[in-house]
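# Architecture at a glance
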Amino acid sequence: MAVYSHSRISTFEQCPFKYKLQYVDRIEPETEQTIEPFMGDLVHQALEKLYTDKKFKKRVSKASLLKFFKDLWKKEYSSDILVVKKGLTAENYKKMGLKFLSDYYDSYKDDDMTILDLETQDKMTLPDGNQWHVRIDKLGCKGDIYFVCDYKTNSSMKDQEEADGDRQLAMYSIWVKDKFKDAKKVILKWHMLAFNKEVTSERTDGELKKLQQDVCNTIKQIEIATRDDDFPRNQCGLCPYCGYQAYCPSFKHQIKLTQKTIEQFKKDDGVKLVDGYAEIKAKLDELQEKEEEFKTKLVEFSKQLGIDVVYGSNMLAKVKEFEKIILPEDKEELIAIMKDKGEWEELAMINFMKFQSKYFKGELHPDIHKKITKEKDFRVSLSKRKDLEEE
Ligand code: SF4
């Protein structure tokens, strides 16, 4: 039985191939440290310190909390931490961290919540026997009301819908209900530090049961993918932030090109092939347009002269008028009539795309499925490089 976590199954949901690299092959991602998580981590450490001291009845002043953060920053910060947002410096982030802590301190200095645990490191057993990692920033209670609290330093405010759909804290509330039998209610609470606001949510037992089942279903999918070594890639908007681009077939070539000089870039076989193919495709498209133009002109010419064969130096063009049918817009009605009149069997065609999709999803009847064989093929398509558009 394995230990799963919210981030582990989120990675699978985002991109199964990334999951394989991270959790099966255990490859370390190639990511540069950026300032946002660095600042977020230090804020978490400062708040952990605040509540650890409080637990031991040690008074923590706001000044000493802020000093703790500043000292930590001095110790941990290095100039290779990346500031991506234009016009901002590390100093801006340091000030933001201080402001978050200062506002938080003022808002919660009189809070009478009993702190039960900080940065928990525990596991709970799921219905399928697997383990779930429980890591809560702050776990507290007021009588028999329990609070699962998470600190967020990001600059977008979590809305209620997002909070009510959140899996991470909701899963932790199952652990709380199991561990603290007096818990009448478990409130999930996000401290949105950038806004000095909190967002809360609760789950019914029925919702938690369904959530656990959904998690077990995803774990089942992970287990099947692992057994079959079948981890497809899912290119999405998060790819630019993926630390595995150098290992990903969809980005490996791009990463290699960034390491080349302009001369080496021009000589790269892949670059030459794509550029050549793009040139030919553009010419073909142009030629196709021209072909249509010529055909239209030939039809007009033949009509004007009342002829149906036009002669060239070595070739001739036959222009034949014919009638074609146009199907009504309402296809459903047409199909119903065809079925009713017994024409459907003879005239209907297999919807190949749908057939193929059902085959790969395993949705065909086994008797039909076993009649089909499959083979590997390739499709080549051209599109603009998005990374260059963004630059
Ligand atoms: S770059 Fe995108 S497709 Fe490739 S592994 Fe990462 S998330 Fe998946």
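Residues numbered from 1 in each chain as written. Predicted model: local features only at pLDDT ≥ 70, side-chain atom pairs only at ≥ 80, totals over all residues.

## Some words on unusual backbone geometry
- A positive phi is found at lysine 57, a non-glycine position, where the angle reads about 55°.
- For lysine 57, the location among the structural elements is in the loop between helix 3 (35-55) and helix 4 (62-76).
- A positive phi is found at asparagine 196, a non-glycine position, where the angle reads about 50°.
- Relative to the elements of secondary structure, asparagine 196 occurs in the loop between strand 7 (185-192) and strand 8 (197-201).
- Look at asparagine 196 and you get partly exposed, because 14 C-beta atoms sit within 10 Å. (Helix = DSSP H or I, 4+ residues; strand = E, 2+ residues; numbered from the N terminus. Buried ≥ 20, exposed ≤ 12 C-beta atoms within 10 Å, placed from the backbone.)

## Comments concerning the site of the ligand
- Around the ligand, the surrounding shell holds 14 residues, and the nearest of these are Cys15, Lys18, Cys239, Cys242 and Cys248.
- In terms of residue class, the shell around the ligand is made up of eight nonpolar, four polar and two charged. (Near = placed C-beta within 6 Å. Nonpolar A, V, L, I, M, F, W, Y, C, P; charged D, E, K, R; others polar.)

## Quick word on the nonpolar core
- Counting 29 residues, the largest nonpolar core has Val148, Met171, Tyr172 and Val176 as the members making the most contacts within it.
- Elements represented by at least two residues in this core include exactly helix 1 (6-14), helix 2 (16-24), strand 4 (131-134), strand 6 (145-152), helix 7 (168-179), strand 7 and helix 8 (205-228).
- Sorting elements by how many residues they give to this core places helix 7 first, with seven residues.
- Setting aside anything within four residues of it in sequence, one finds tyrosine 172 in contact with Val134, Ile136 and Val148.
- Counting residues in each nonpolar core, the second largest holds 15 residues, with Val43, Tyr93, Phe100 and Tyr104 among its members. (Core = buried A, V, L, I, M, F, W, Y, C linked by C-beta atoms within 7 Å. Contact = placed C-beta atoms within 7 Å.)

## Remarks on the sheet that holds strand 1 (residues 3-4)
- The sheet built from three strands is open, its strands ordered 1-4-3 with mixed pairing. The open sheet terminates on both sides in strands that have one partner only, identified here as strand 1 and strand 3 (122-125).
- In this structure, strand 3 lies alongside strand 4, joined through four bridges in antiparallel fashion. Residue threonine 125 lies in a different strand from strand 4, and its bridge partner there is glutamine 131.
- Packed on one face of the sheet, helix 7 meets strand 3 and strand 4 and runs near 85° to strand 3. (Pairing = 2+ DSSP bridges. Axes fitted to C-alpha atoms, helices over the stretch in contact; angles between N-to-C directions.)

## Some thoughts on the domain arrangement of the chain
- For the chain, the assigned domains read domain 1 (32-111), domain 2 (113-228) and domain 3 (267-318).
- The C-alpha centroid of domain 2 is placed 24 Å from the C-alpha centroid of domain 1.
- Those elements giving two or more residues to the side of domain 1 that touches domain 2 turn out to be helix 3 and helix 5 (90-108).
- Looking at which element gives the most residues to the side of domain 1 that touches domain 2, the answer is helix 3, with ten residues.
- In terms of residue class, the side of domain 1 that touches domain 2 is made up of six nonpolar, four polar and five charged. (Domains from an automatic or database assignment.)

## Describing the packing of helix 1 against helix 8
- Contact geometry of helix 1 with helix 8 gives a least axis separation of 11 Å together with a crossing angle of 60°. In the crossing of helix 1 with helix 8, the sense of the turn from one axis to the other is left-handed. Within the contact between the two elements, helix 1 uses Ile9, Phe12 and Glu13 and helix 8 uses Val215, Thr218, Ile219 and Ile222.
- Of the residues that constitute the contact of helix 1 with helix 8, the class distribution is five nonpolar, one polar and one charged. (Left-handed = near helix turned anticlockwise from the far one by under 90°.)

## Comments concerning the environment of asparagine 217
- Note on placement: asparagine 217 falls in helix 8.
- Its 11 C-beta neighbours within 10 Å are what place asparagine 217 among the exposed residues.
- Along the primary structure asparagine 217 and leucine 139 are separated by 78 residues, whereas in three dimensions their C-alpha atoms are 28 Å apart.

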